[in-house]
Amino acid sequence: MAVTPGVYFLVTTLIPVLFCPPLVYWSVVSVTPGVLVCVYLFSLPVCLSAASWLRRIKVALAARRLGARVAGRADGVLPWNIDLLVQGITINKSDYLGDPILGAFKLAGGTDTCSLEILGDDRLLTMNPDNIKKVLATDFENYRKGSLFNGIMEAMLGVGVFNSDGEMWQFHRKMTRPFFSKERVTDLILYERMAATALQKMQERFDAGLAVDFQVGSIMGLHARFTLDAASEFLLGASVNSLDPPLPMPHNVPNSAAHSEFSSTPSTRFARAFATAQVTLLSRLELGNIWPLAEIRRHKLQAPMAEIRAFIDPIVRNAMNKRKADGTKDEKTLLGHLLDVTGDMKVIVDETLNILIAGRDTTASLLTFVCYCLAMHPEVLRRLRQEILETVGNVRAPSYDQLRSMKYLRAVLNETLRLFPPVPFNMRETINETTWCDDSGRKIYVPPNTRLVYSVLNVHRSETYWGPDAYIYDPDRWLDSRVQRYTSNPFTFIPFNAGPRICLGQQFAYHETSFFVVRFLQRFEHIELAPESQPPQTRIPEKWKDPSVGSPLNKRRPLEQCLMRSHLTMYADGGLWIRAKQVEPVEAM
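Residues numbered from 1 in each chain as written. Predicted model: local features only at pLDDT ≥ 70, side-chain atom pairs only at ≥ 80, totals over all residues. Heavy atoms only, no water.

**A short note on the overall build of the chain**
Stated formally: Counting from the N terminus, the helices are the DSSP runs of H or I reaching at least four residues and the strands are the DSSP runs of E reaching at least two. For every residue, the accessible area (1.4 Å probe, protein chains only) is compared with the maximum for its type, and the residue is labelled buried under 20%, exposed over 50%, or partly exposed between those bounds. Only heavy atoms enter the contact rule, under which two residues are in contact if any of them lie within 4.5 Å. Accessibility throughout is a Shrake-Rupley quantity obtained with a 1.4 Å probe, and a residue counts as covered only by protein chains that appear here.
When you go through the chain residue by residue, the secondary structure sums to 23 helices and 13 strands. Taking all 589 residues of the chain together, the buried fraction comes to 54%. At a minimum sequence separation of 6, the contacts of the chain that also span at least 24 residues come to 75%. For the chain, the exposed surface amounts to about 25,700 Å²; the carbon and sulfur share of it is 59%.

**Focus on the pairing of strand 8 (residues 443-446)**
Here is the rule: For two strands to count as paired, DSSP must find a minimum of two bridges between them.
Sheet topology places strand 7 (residues 434-437) next to strand 8; 4 bridges connect them, and they run antiparallel. Following the sheet pairing, W436 is matched in strand 8 by I444.

**What to know about the state of the cysteines**
Short version of the rule: In plain terms, two cysteine sulfur atoms within 2.5 Å form what is called a disulfide here.
Applying the stated criterion across every chain yields a total of 0 disulfides. You can see C371 has no disulfide; the closest cysteine sulfur is in C373, sitting 9.4 Å from it. The thiol sulfur of C562 is not disulfide-bonded, and the nearest other cysteine sulfur, from C373, lies at 8.8 Å. C562 gets classed as buried once you look at its relative accessible area, which sits at 1%.

**Remarks on the pairing of strand 2 (residues 113-118)**
Buried residues dominate strand 2, accounting for 6 of its 6 residues. The two faces of strand 2 match: T113, S115 and E117 on one face and C114, L116 and I118 on the other face are all buried. Pairing geometry for strand 2 and strand 3 (residues 121-126), over 6 bridges, is antiparallel. Looking across to strand 3, one finds that S115 is bridged to L124. Between strand 2 and strand 3, which pair antiparallel one after the other, the connecting turn spans 2 residues, and L119 there sits at a positive phi close to 50°.

**Section: the side chain of K201**
The following threshold applies: As used throughout, the charge tally considers Lys and Arg to be positive and Asp and Glu to be negative, leaving His and the chain termini uncounted. A side-chain nitrogen of Lys or Arg and a carboxyl oxygen of Asp or Glu constitute a salt bridge if their distance falls within 4 Å.
Here K201 shows up in helix 10 (residues 188-207). The buried charged residue K201 lacks any salt bridge partner; its closest oppositely charged side chain belongs to E204, at an N-O distance of 5.3 Å. Those residues in contact with K201 that sit more than four places away from it in its chain are L243, D244, P245, P246 and L247.

**Some details on unusual backbone geometry**
In the Ramachandran plot, N449 falls in the positive-phi region, its phi being about 55° despite a non-glycine side chain. Within the secondary structure layout, N449 lies in the loop between strand 8 and strand 9 (451-455). Unlike most non-glycine residues, N497 shows phi in positive territory, near 65°. Relative to the helices and strands, N497 is located in the loop between helix 22 (482-486) and helix 23 (506-523).

**Quick look at the sheet that holds strand 1 (residues 72-73)**
What counts, and what does not: Orientation is described by lines fitted to C-alpha atoms, with helices fitted over the stretch in contact, and by angles between N-to-C directions that extend from 0 to 180 degrees.
Spatially, 6 strands are ordered 1-2-3-9-6-4 in an open sheet, and the strand pairing comes out mixed. Looking at the sheet topology across the chains shown, the edges are occupied by strand 1 and strand 4 (143-144). Packed on one face of the sheet, helix 6 (residues 129-138) meets strand 2, strand 3, strand 4, strand 6 (425-430) and strand 9 and runs near 120° to strand 9.

**Re the pattern of salt bridges**
Applying the stated criterion to the full structure yields 31 salt bridges. As a salt-bridge pair, E117 and R56 come within 3.9 Å of each other at their nearest N and O atoms. With a gap of 61 residues between them, E117 in strand 2 and R56 in helix 2 (residues 33-65) connect regions that are remote in the sequence. On the basis of relative accessibility, which here comes to 4%, the residue E117 falls in the buried class. For the salt bridge of D469 with R477, the shortest nitrogen-to-oxygen distance reads 3.5 Å. Accessibility expressed as a relative area gives 23% for D469, which makes it partly exposed. One network of salt bridges, with partners in common, ties together E415, R418, D469, D474, R477, D480 and R482.

**Regarding the nonpolar core**
Buried together is how nonpolar side chains tend to be arranged in soluble globular proteins. We count it as follows: What makes a nonpolar core is a set of buried Ala, Val, Leu, Ile, Met, Phe, Trp, Tyr and Cys residues whose side-chain atoms join them at distances within 4.5 Å.
If you look at the biggest cluster of nonpolar residues, it comprises 153 residues, and the most contacted ones within it are I308 and F520. The greatest single-element share of this core, amounting to 17 residues, is contributed by helix 16 (residues 345-376). Residues in contact with F520, not counting those within four places in the same chain, are L199, M202, F214, I527, I578 and A580.

**Focus on helix 14 (residues 302-326)**
Keep this limit in mind: A helix's residues, less one, multiplied by 1.5 Å, set its expected span. Given a residue, its bend is the angle between the two axes fitted to the seven residues that end at it and to the seven that start from it.
Taking 1.5 Å per residue, 25 residues should reach 36 Å; helix 14 reaches 35 Å between its end C-alpha atoms and fits that length. Within helix 14, the axis deviates most sharply at R309, by approximately 25°. Along helix 14, the residues classified as buried are P304, M305, I308, F311, I312, D313, I315, V316, M320 and R323. Just downstream of helix 14 lies G327, where phi reads positive at about 75°.

**Focus on the environment of L66**
In this structure, L66 sits in the loop between helix 2 and strand 1. Between the alpha carbons of L66 and E433 there is a distance of 9.8 Å; along the sequence they are 367 residues apart. In contact with L66, not counting residues within four places along its chain, are E433, T435, K443 and Y445.

**Details of the packing of helix 17 (residues 378-391) against helix 23**
What counts, and what does not: In these notes the angle categories are as follows: under 35 degrees is roughly parallel, over 145 is roughly antiparallel, 65 to 115 is roughly perpendicular, and the rest is oblique.
Where helix 17 contacts helix 23, the two axes come as close as 10 Å, and the packing angle between them is 100°. Relative to helix 23, the element helix 17 is oriented roughly perpendicular. The segment helix 17 lies against helix 23, with L381, L384, R385 and I388 engaging V517, V518, L521 and Q522.

**Thoughts on the packing of aromatic side chains**
This is how the line gets drawn: Here the aromatic set is Phe, Tyr and Trp, taking the six-membered ring for Trp, and pairing holds for ring centres within 6.5 Å; pairs whose planes are under 30 degrees apart are stacked, those over 60 apart are edge-to-face, and all others are tilted.
For the structure shown, the criterion picks out 15 aromatic pairs. Between Y191 and F515 the ring centres are 5.9 Å apart and the planes differ by 55°, which places this aromatic pair in the tilted class. Here Y191 is found in helix 10, whereas its partner F515 is found in helix 23, with 324 residues between them in sequence. With relative accessibility at 1%, the residue Y191 sits in the buried group. The exposure class of F515 is buried, given its relative accessible area of 1%. Chaining the aromatic ring pairs together yields one cluster made of F206, F516, F520 and F524.

Below, the structure is given as structure tokens:
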């Protein structure tokens, strides 16, 4: 029986730290067990506090040496910020996405960069584009994913491109970059086949008078299925076929759970396991260094990863065997490309899973929130649909050149990415000490081996960088003079990251999303949200509607009509349920 992460953590870390010191002390000093227990219980908080203050003194001296200041600290009410830890873990209950980070900045004095210590583990938070620029580009070599991120992700991502640093990252990046050429990411035949299936399923539900779930937080949602099928065929040459089972039924339909049951085939088991694994990774990230304590009884990734490997391994093995047997090469898939570079099964599987997550999740998130914004802004939908009809017509599939020529379509996508970036938060770890700056331009000391969290979401919504109407959805800001003013610093808009680690699948996401939106609006002329179809626990909390509750920096919250959450990417909790009105049949244009 394999040792769980929790048991391993207890044996190798927690038990030695908690029990070795008193045992040694008891063996040297003759005291009664009762006295020893009292001294020990009192010494634990004293030692933790002493270690924290020693670190602060060390950081202060190092900052003075470099002519910098120490970052403002976000301190809660309870010792070691236990209250802030609890708030972070329970954010998914009622808080608005991004509010906890804004709360930390407020506790630190209203700055855009601060230090936050949880149980002795210090990290820096920032929403300053100049600091993010250093992390992602100008000082790139001094930052890595870090041991915490690597340890949490290793069970799913292995040593793939998103979970590696240094030479290993360079190897994976060089290995996969050639695959994402223009010819491959513009495979409109693949998009058309997947979109036709998805739109037909939607139409059947609408004809029955039912809402459809566009959710990405679960593989049950339509866009999550569409993007997973497209990504799996694009990368593996074998679709997961998650669009085959029936779509989920609205919550307000009797026996909706029974009607929504997902069929048990190898591909659908893979799809469900894929979603489960990502939720588990989120839980680990929320707990930080103590994540193994939540997995004492069982390894939560073991079962879903077994299903994932049961689906992928035979595909990879068959391709490898075929290559060895007759030398057949498949130049159309990532799998075929990887076989040209390496014969290592683990490297191929790890890299495929890394790219599959990126290819599916970012696109699914973008598609979901494009639909959300169009439903909330019918005037934008009408204008976008008019551009589509004038450029493509109402029947034919769009060409690559037509997709590129639609300026308002790209503005709609960019504005959606600004307000709802697929990866709202990201993290790195320093290698050597360095300096950042605060919002007033003063230098801030950044210690070595320090975890960093940068908030893309809060940068994208900041009035400092996007003007007083930053919280408003307005695609025209990408078409008029404002775009030059607001994007003069390219690090104020980084939905696909930036620098050497910029997302390889950026154009894949733009093209796939653009194609689906065009085909969708050729068939449907009106969208509206159907919140009554969501489970009650995932509907908007009443306190969100009150602008006086929560951070005054976040004016967007009272406008929302869906519950935004994030695992590795942003999604609509409980689903994004919509109804759509089909266009009346007309002659082809």
